[in-house]
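# Structural features, examined
So you can see what is in the structure, the chains are spelled out below.
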Amino acid sequence: MQDPIDPVKLDRLAEVAVKVGLNLQPGQDLVLTAPVSALPLVRRITEHAYKAGAGLVTPILSDNEVTLARYRHAHDDSFDASAAWLYDGMAAAYDNGAARLAIAGGDPMLLANEDPDKVGRANKAMSMAYTPARERITRFATNWTIVAWPDADWARLVSPDLDDYAAQRKLADAIFAASRVDDGDAVARWEAHNAELGRRSAWLDGQNFSTLHFTGPGTDLEVGLADGHKWIAGATETAGGILCNPNIPSEEVFTTPHKLRVKGHVSATKPLSHQGTLIENIQVRFEDGRIVEAKATKGEKVLQKVLDTDEGARRLGEVALVPHASPISQSGMLFYNTLFDENAASHIALGQCYATCFHGGDKMENDEVARRGGNASAIHIDWMIGSDQIDVDGISQEGERIAVMRKGAWV
Ligand code: ZN
Ligand code: ZN
């Protein structure tokens, strides 16, 4: 039988990851994380990286059985610990100029049947220890990207009615299409796509809205935007001037909300798959930028743990606009994976903001980011609030209302 994952397209994805996603520079080291199931893609990427002149490529692999063994057999105290030395090492690597590539695509439901208290504690410990590395990522101290591997367990979850072969083939083809590597010159297609996204972000920047107002079923949310916010889309420039595409795929145009100026209520339009738990039908209410009420019909305990991570976990660090006409949205598939689902719908993120989403943000100290309304937290979790039933208005600095999206489409 044929491989469910087209080897030509897989190689093209690896090439796009290195040339477009990372824009890896000659002599640059690369730190790569992936599930072991993604080894074929790890190998393709490593080859393209060395052909592009990489210094040293260091892969760090994770395994489902190894992860589960911890939840089944590790001592209870150990769930507040994490491999801080590893994350410190990653931060040191970025300081030395290494690029960062993550391959997403493990089983999103891996931890669904484990103790939510342990999952929450382990996630929190990991988030805390990862802070120095994450700060360098969110500040674009180095070039980084995320691409996806069509993992068999993930494919089964996305297409439970198909046999394993058909399910993996369907997921692989969806990943290749969304990543714009399904045919033609993928690198040129990404250039055209980045130009289109650039036009959207330039328009929004020109408007310099004070607030975005989302309305629709179960949603009436005003998201104040940070002072001096900047809209970003597609390619992002690092502090050192390297243009990288941090997400493959990417359809969003996003900026930094003001952490104190968010009010109203909002309902998630898709389930949130968070580190092995599916959180469904999230509904939250904001007062003065802070979540004061949060509900979910499934996974509520994990959601509450997430919100209790730190003070900033109850405030927004990102707001993003994605049209309902995006190719991922049109595929009609629910991926249970933020990299894909966040590019199918407008969304907000709890937690850490991106300093790059400010004019002059690359040179801004943390306290200046905070003064302008940028949020700080050990987490950054996107969840979807857009659909073909959501309208978005921009409110100008003078209080004038301008239609931005109607029924999920750009006006
Ligand atoms: Zn986003
Ligand atoms: Zn985000």
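Owing to the predicted nature of the structure, the values given are computational and were not obtained by experimental measurement.

### Comments concerning the coordination of the zinc ion (ligand 1)
Looking at the zinc ion (ligand 1), one finds its protein donor set to be Glu252 (OE), Glu318 (OE), Glu342 (OE) and His347 (NE2), positioned 2.0 to 2.3 Å from the metal centre. Because the angles between the four donor atoms bound to the zinc ion (ligand 1) fall within 77 to 155 degrees, the donor set is best described as irregular. All donor residues of the zinc ion (ligand 1) come from one chain, and their arrangement in sequence is E-x65-E-x23-E-x4-H. Between the zinc ion (ligand 1) and the zinc ion (ligand 2), a separation of 3.3 Å is found, and both are coordinated by Glu318. Of the two residues, Glu342 and His347, both sit in the buried class.

### Concerning the coordination of the zinc ion (ligand 2)
Protein coordination at the zinc ion (ligand 2): the donors are Glu318 (OE), His380 (NE2), Asp382 (OD) and Asp382 (OD), at 2.0 to 2.6 Å from the metal. Mapped onto the sequence, the donors of the zinc ion (ligand 2) take the spacing E-x61-H-x1-D. In this structure His380 comes out as partly exposed when scored by relative accessible area, which is 21%.

### Remarks on the packing of helix H4 (residues 84–95) against helix H6 (residues 131–138)
Helices that pack against each other are described as a pair by the angle of their axes relative to one another and the distance between those axes. Contact pair H4 / H6: the axes reach a minimum separation of 7 Å and the direction vectors enclose 35 degrees. Between H4 and H6 the crossing geometry is left-handed. Contacts from Tyr87, Asp88, Met90, Ala91, Tyr94 and Asp95 in H4 reach Pro132, Ala133, Arg136 and Ile137 in H6. Partitioning the contact of H4 with H6 into residue classes produces seven nonpolar, no polar and three charged.

### Topic: the sheet that holds strand S1 (residues 30–35)
Within the open sheet, the four strands sit side by side as S2-S1-S3-S4. Their pairing is parallel. Taken across any chain shown, the strands that pair with only one partner, and hence form the sheet edges, are strand S2 (57–62) and strand S4 (144–148). Averaged over all pairs of adjacent strands, the angle between their axes in this sheet comes to 15 degrees, without regard to strand direction. Note that S1 and S2 share six bridges and pair parallel. Following the sheet pairing, Leu30 is matched in S2 by Val57.

The rules we used
Residues numbered from 1 in each chain as written. Chains lettered and ligands numbered in written order. Predicted model: local features only at pLDDT ≥ 70, side-chain atom pairs only at ≥ 80, totals over all residues. Heavy atoms only, no water. Donors = N, O, S within 2.8 Å, 3.2 Å for Na, K, Ca; no water. Tetrahedral: all angles 85-135°; square planar, octahedral: opposite > 155°, others 65-115°. Buried < 20%, exposed > 50% of the residue type's maximum accessible area, 1.4 Å probe, protein only. Axes fitted to C-alpha atoms, helices over the stretch in contact; angles between N-to-C directions. Helix = DSSP H or I, 4+ residues; strand = E, 2+ residues; numbered from the N terminus. Left-handed = near helix turned anticlockwise from the far one by under 90°. Contact = heavy atoms within 4.5 Å. Nonpolar A, V, L, I, M, F, W, Y, C, P; charged D, E, K, R; others polar. Pairing = 2+ DSSP bridges.

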